[in-house]
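Read off the chains here:
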Amino acid sequence: MRIVVYLPLLLPLLAPLGARQVSQRCEPRLATWLLTVSSLVLAVASTVSLGLLTIAGLTLVPGIAGLGHWSVPVARRADPTELSVALIAGLLLGGVLVTTARMLWRRTGALAAAALDAACMPARDGLVVVDDPAPDAFALPGLPGRVVVSTGMLHVLDAGEHEILLAHERAHLAAHHYAFVALAQFGAAANPLLRPLAGAVPYTTERWADEDAAAATGDRARVARAVGKAALAARRAPARSRPPGAALGILGRRRDPLAGAGPVPRRVAALLAPPAGRRPLLVAATVAVLLAAAWSSAEAAHDLHLFLETIGAW
């Protein structure tokens, strides 16, 4: 336990490199899954490690050891962890519980508000047209979800690009992209080192929707032009607030910490290039990191179990 318990706390340091490689080189559907699952697995593994370190340190406290019928002298001889390390782990664990609870509360409220907004919007085939000169379009999750498009956006795009826009936004709803974004952010709330993974998921979901729109229309170049055209129009318009829980639309994010070029130029370049592959070596490396995190957490938990049995037998 003295070694393996720290491995899940170190593996998240690979998040910036992994986020950049996976988001740029992998097929976007696969990239979204890899980034989201990585954020959750590494967050759970690091949280478990903090919990194990905290419990091991508590065995050195006489009052708490008495409740568990543990021998403090035997625990000190075994020295599973320093009390100062356990104290730091306990404080970090408390912070994790608070931040994840806040994230869960806020996300649940946002999705509930979005579902209520969607239910109250009159729509035809799931499409809501808002009389607003500012170009905007987004997918609003709900039961069912809605695609919201402003009249300003419809005036900017031609009839063929309207089909691309709707295909893109409906792809967001069909694949539940808002859930991927929320889950990845939930992992980052538990471990701030995982923020690069969570930050990359909105971009890969946009790329996923771009590819679905390209498959539906059969013209990647035309989808690229529509994405660029919509982004330019929105950049000239004043910023507008969207309903809580709205998935990112065809415009994407204005800023992206993973690349100085920005997400929209990268999306356009990706659409003008051949489709990205699955990159089996990159997938294997990602899976290996996740397996290492899961194994080390399980092994550390097993070692702690044996240690507690040992100090309880005296």
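Being a predicted model, the structure only gives us computed values, none of them experimental. (Residues numbered from 1 in each chain as written. Predicted model: local features only at pLDDT ≥ 70, side-chain atom pairs only at ≥ 80, totals over all residues. Heavy atoms only, no water.)

(A) Expanded view of a nonpolar patch on the surface. Together, L10, L13 and L193 make up a nonpolar patch on the protein surface, roughly 290 Å² of accessible area in all. Overall, the relative accessible area of 54% leaves L13 in the exposed class. (Patch = residues over 30% accessible without salt bridge, like charges linked within 9 Å, V, L, I, M, F, W, Y side chains within 5 Å. Areas by Shrake-Rupley, 256 points an atom, 1.4 Å probe, with all protein chains shown as cover. Salt bridge = Lys/Arg side-chain N within 4 Å of Asp/Glu carboxyl O. Buried < 20%, exposed > 50% of the residue type's maximum accessible area, 1.4 Å probe, protein only.)

(B) Up close: the sheet that holds strand β3 (residues 146-150). Across the sheet, three strands lie side by side as β1-β3-β2; this open sheet has mixed pairing. Where the open sheet ends on each side, the last strands, each with one partner, are β1 (127-130) and β2 (137-140). Averaged over all pairs of adjacent strands, the angle between strand axes in this sheet comes to 20°, irrespective of strand direction. Alignment of β2 against β3, held across four bridges, turns out to be antiparallel. Bridge pairing in β3 places L140 opposite R146. (Pairing = 2+ DSSP bridges. Helix = DSSP H or I, 4+ residues; strand = E, 2+ residues; numbered from the N terminus. Axes fitted to C-alpha atoms, helices over the stretch in contact; angles between N-to-C directions.)

(C) Structural detail: the nonpolar core. Counting residues in each nonpolar core, the largest one holds 40 residues, and the members touching the most others are V22, L35, L42 and L197. Contributions of two or more residues to this core are made by α2 (15-25), α3 (28-58), α6 (83-120), α9 (177-190), α10 (195-217) and α13 (280-312). The contact partners of V22, leaving out residues within four places of it in the chain, are A31, L34, L35, L282 and T286. Formed by twelve residues, the second largest nonpolar core is a distinct cluster that contains I164, A213, A226 and V268. (Core = buried A, V, L, I, M, F, W, Y, C linked by side-chain atoms within 4.5 Å. Contact = heavy atoms within 4.5 Å.)

(D) Local environment of α6. With 38 residues, α6 should reach 56 Å at 1.5 Å per residue; the first-to-last C-alpha distance of 55 Å fits that figure. Turning to α6, its buried residues number three or more, namely A86, A89, L93, V96, T100, M103, A110, A114 and A118. Summarising the contacts, the buried residues of α6 are in contact with α3, β2, β3 and α9. (Expected span 1.5 Å × (residues − 1).)

(E) Expanded view of the packing of α9 against α10. Where α9 contacts α10, the axes come no closer than 8 Å and their chain directions differ by 170°. Taken together, the axes of α9 and α10 lie roughly antiparallel to each other. Seen from α9, the contacting residues are H177, F180, V181, A184, Q185 and A188; seen from α10, they are R195, A198, V201, P202, T205, W208 and A209. Of the residues assigned to the contact of α9 with α10, the class counts are nine nonpolar, three polar and one charged. (Parallel < 35°, antiparallel > 145°, perpendicular 65-115°, else oblique. Nonpolar A, V, L, I, M, F, W, Y, C, P; charged D, E, K, R; others polar.)

(F) Representation of the side chain of T47 in the model. Examined against the element boundaries, T47 turns out to sit in helix α3. At a separation of 2.8 Å, a polar atom in the side chain of T47 contacts the main-chain carbonyl oxygen of A43. If we skip the residues at most four places from it in the chain, T47 touches L93, V96 and A190. (Polar contact = N/O pair within 3.5 Å; in protein donor to acceptor, adjacent residues only side chain to side chain.)

(G) Structural context of the pairing of β2. Side chains A137 and A139 project from β2 onto one buried face, and the interleaved F138 and L140 project onto a second face that is buried too. Adjacent in sequence and paired antiparallel, β2 and β3 are bridged by five residues.

(H) Geometry of α3. When the terminal C-alpha atoms of α3 are compared, their 45 Å separation across 31 residues agrees well with the 45 Å that a helix rising 1.5 Å per residue should span. One side-chain oxygen of the residue at the start of α3 lies 3.1 Å from the amide nitrogen of R29, identifying that residue as E27.

(I) Highlighting the packing of aromatic side chains. In this structure the tally under the stated criterion is two aromatic pairs. Ring geometry for W33 versus F180: centroids 4.9 Å apart, planes at 85°, classification edge-to-face. Taken together, the positions of W33 in helix α3 and F180 in helix α9 put the pair 147 residues apart, joining distant regions of the chain. On the accessibility criterion, W33 (47% relative accessible area) is partly exposed. By way of ring pairs, the aromatic residues W33, F180 and W208 are connected into one cluster. Positioned above the aromatic ring of Y203, the side-chain terminus of R266 is 4.1 Å from the ring centre. (Phe/Tyr/Trp six-rings, centres within 6.5 Å; stacked < 30°, edge-to-face > 60°. Lys NZ or Arg CZ within 6 Å of the ring centre and 35° of its normal.)

Take it as geometry only, folks, not as evidence of what the structure does.
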